[in-house]
Amino acid sequence: MISVIVTVYNIERYLRRCVDSILAQTYRDLEILLVDDGSTDGCPPICDEYERTEPRVRVIHKENGGAADARNAGLEAASGEWIGFVDGDDFIMPEMYETLHRACLEHGAAVSMCGRIVWEEKDGTRTRRYCLERPVLLSGKEAVSHLLMDKDCDSASWDKLYRRELFSDIRYPVGARYDDLNVTARLLSRSERVCHVGKALYSYTRRSGSITGVPFHERTIDAVRQAEQLKAFIDSRYPDLRKQSTRFVCMNLCVVLTAAYECRTPEKREAMEAAARCAGEYLPHILAGAWSLEHKAWVIRNYIAVILRLRRWRKLARD
């Protein structure tokens, strides 16, 4: 059995599309766990309706604790040999789990993954990411290296299928804003083989109100903190991947620095100062790394702009 864990929080508009896409899977031996993370909209009754009418659906209602807490609740309740995740505002292609499951069995892999379609809600554009011309079989270490370099895959939990035992002592960090950054690579490292099926089978909805779409936030720096924790793990397990792990932190730092650069809210000064300190620490790695001159100039510009803005705010506060 595959246990599909669906995180649900105030996504009433998208929930039926998501659950219906899972129920329509060509792979039928599914357990669908709808984890309602304290939703305050119409999601709870929709979840209950599916549980009443669909034998494969189970619902977990819990107090709001964030996406990581919801995933962990699903892991504790799951009874399947395999684990998959779907965010409640996304949907999947009908053959996704059959394709991922077959790939694992054929190649003796503990993890399989697929490409995705990124759907921009505001303008309807669709972009394919991490798609390959043909399936690729990797070792666990190779898969970790690809993730660190943003080659063929990233840290997203939801476009993959995992053997349940990989989670024996691993859970998502509750309270962290980017909870899968420090988890997915650890799971890949436990698998002797990882298969990428090549096809785009997951449709990711990029919403303006989602975690990745909101403006600079007090916890935006969590992306760097989670990446740093993963770097410590990678450097101890695979010392020859230290350059890649450093680049991984820098990549996430660039996302945080961009958000800080775009922020014009003095009330968020403390969080922006943390981002600036982190940027100053990793700036030598960025300047010395295999980045384009254009990218290096972009980082320096953003860094200087954030520093100058913070200094101006401090001066205004003193005056």
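Up top is the structure these notes are about.
Residues numbered from 1 in each chain as written. Predicted model: local features only at pLDDT ≥ 70, side-chain atom pairs only at ≥ 80, totals over all residues. Heavy atoms only, no water.

Asks: What's the story with the overall build of the protein chain in this structure? I'm lost.
Replies: Per the secondary structure count, the protein chain includes ten helices and ten strands. Structurally, the protein chain occupies a C-alpha span of about 65 × 45 × 35 Å along its principal axes. The proportion of buried residues among the 319 residues of the protein chain is 55%. Taking all contacts inside the protein chain whose residues are at least 6 apart in sequence as the whole, residues at least 24 apart take part in 79%. (Helix = DSSP H or I, 4+ residues; strand = E, 2+ residues; numbered from the N terminus. Buried < 20%, exposed > 50% of the residue type's maximum accessible area, 1.4 Å probe, protein only. Contact = heavy atoms within 4.5 Å.)

Asks: Which parts of the structure should I look at to understand the nonpolar core?
Replies: For soluble globular proteins, nonpolar side chains are generally found buried alongside one another. Membership of the largest hydrophobic core comes to 105 residues, with the highest contact counts inside it found for V6, I22, L34, F85, V86, Y97 and F216. Those residues in contact with F216 that lie beyond four places of it in its chain are V256, A259, A260, C263, K268, A271, M272 and A275. (Core = buried A, V, L, I, M, F, W, Y, C linked by side-chain atoms within 4.5 Å.)

Asks: Help me out: how do you make sense of a nonpolar patch on the surface in this one?
Replies: A grouping of L287, I300, I304 and L308 is seen on the molecular surface, where their side chains present a nonpolar patch of about 320 Å² in accessible area. Of the residues forming the nonpolar patch, the biggest block, three residues, is contributed by helix 10 (residues 293–318). Along the chain, the position of L308 falls in helix 10. With relative accessibility at 48%, the residue L308 sits in the partly exposed group. (Patch = residues over 30% accessible without salt bridge, like charges linked within 9 Å, V, L, I, M, F, W, Y side chains within 5 Å. Areas by Shrake-Rupley, 256 points an atom, 1.4 Å probe, with all protein chains shown as cover. Salt bridge = Lys/Arg side-chain N within 4 Å of Asp/Glu carboxyl O.)

Asks: When you look at the environment of I234 in this model, what are you seeing that I'm missing?
Replies: Within the secondary structure, I234 is located in helix 7 (residues 222–237). With a relative accessible area of 0%, I234 lands in the buried category. Once the C-alpha coordinates of I234 and Y178 are considered, the two residues, 56 residues apart in sequence, prove to be 18 Å apart. Once you skip the residues sitting within four places of it in the chain, I234 turns out to touch V144, L148, P239, L241 and S245.

Asks: Which parts of the structure should I look at to understand the packing of aromatic side chains?
Replies: Working definition: an aromatic ring pair is given by the centre-to-centre distance plus the angle between the planes. Enumeration according to the criterion identifies seven aromatic pairs in this entry. Between the aromatic rings of F85 and F167, the centroid separation amounts to 6.0 Å while the plane-to-plane angle is 70°, which identifies the pairing as edge-to-face. Of this pair, F85 sits in strand 4 (residues 82–87) while F167 sits in the loop between strand 9 (160–163) and helix 6 (184–189), and the two are 82 residues apart along the sequence. With respect to burial, F85 and F167 carry one shared label: buried. Ring plane angle 40° and centroid distance 6.3 Å describe the contact between F167 and Y172, whose orientation is recorded as tilted. Assessed through its relative accessible area of 3%, F167 is described here as buried. Since its relative accessible area comes to 2%, Y172 is described here as buried. Feature note: the residues F85, Y162, F167 and Y172 constitute an aromatic cluster, connected by ring pairs. (Phe/Tyr/Trp six-rings, centres within 6.5 Å; stacked < 30°, edge-to-face > 60°.)

Asks: I keep staring at the pattern of salt bridges and nothing clicks. Help me out?
Replies: Any two side chains of opposite charge can pair if their charged atoms end up close together. Counted under the stated rule, the structure contains 23 salt bridges. One salt bridge in this structure joins E81 and R163, with 2.7 Å as the shortest N-O distance. Of this pair, E81 sits in the loop between helix 3 (67–77) and strand 4 while R163 sits in strand 9, and the two are 82 residues apart along the sequence. A relative accessible area of 42% places E81 in the partly exposed class.

Asks: How do you make sense of the layout of surface pockets when you look at a structure like this?
Replies: It is a probe the size of a water molecule, rolled over the atoms, that shows where empty space is left. Of the volumes computed, that of the second largest pocket is approximately 240 Å³. Every element with two or more residues in the lining of the second largest pocket is listed here: helix 8 (242–262) and helix 9 (269–288). Top element by residues in the lining of the second largest pocket is helix 8. It accounts for four residues. Here the residues of the lining of the second largest pocket are counted per class, giving four nonpolar, four polar and two charged. (1 Å grid on protein atoms, 1.4 Å probe; cavity = no way out; pocket = protein on both sides within 12 Å on 5 of 7 lines; lining within 4 Å. Points joined across faces, edges and corners; volume = space filled by probe spheres on them. Nonpolar A, V, L, I, M, F, W, Y, C, P; charged D, E, K, R; others polar.)

What is shown is where atoms sit, not what they do.
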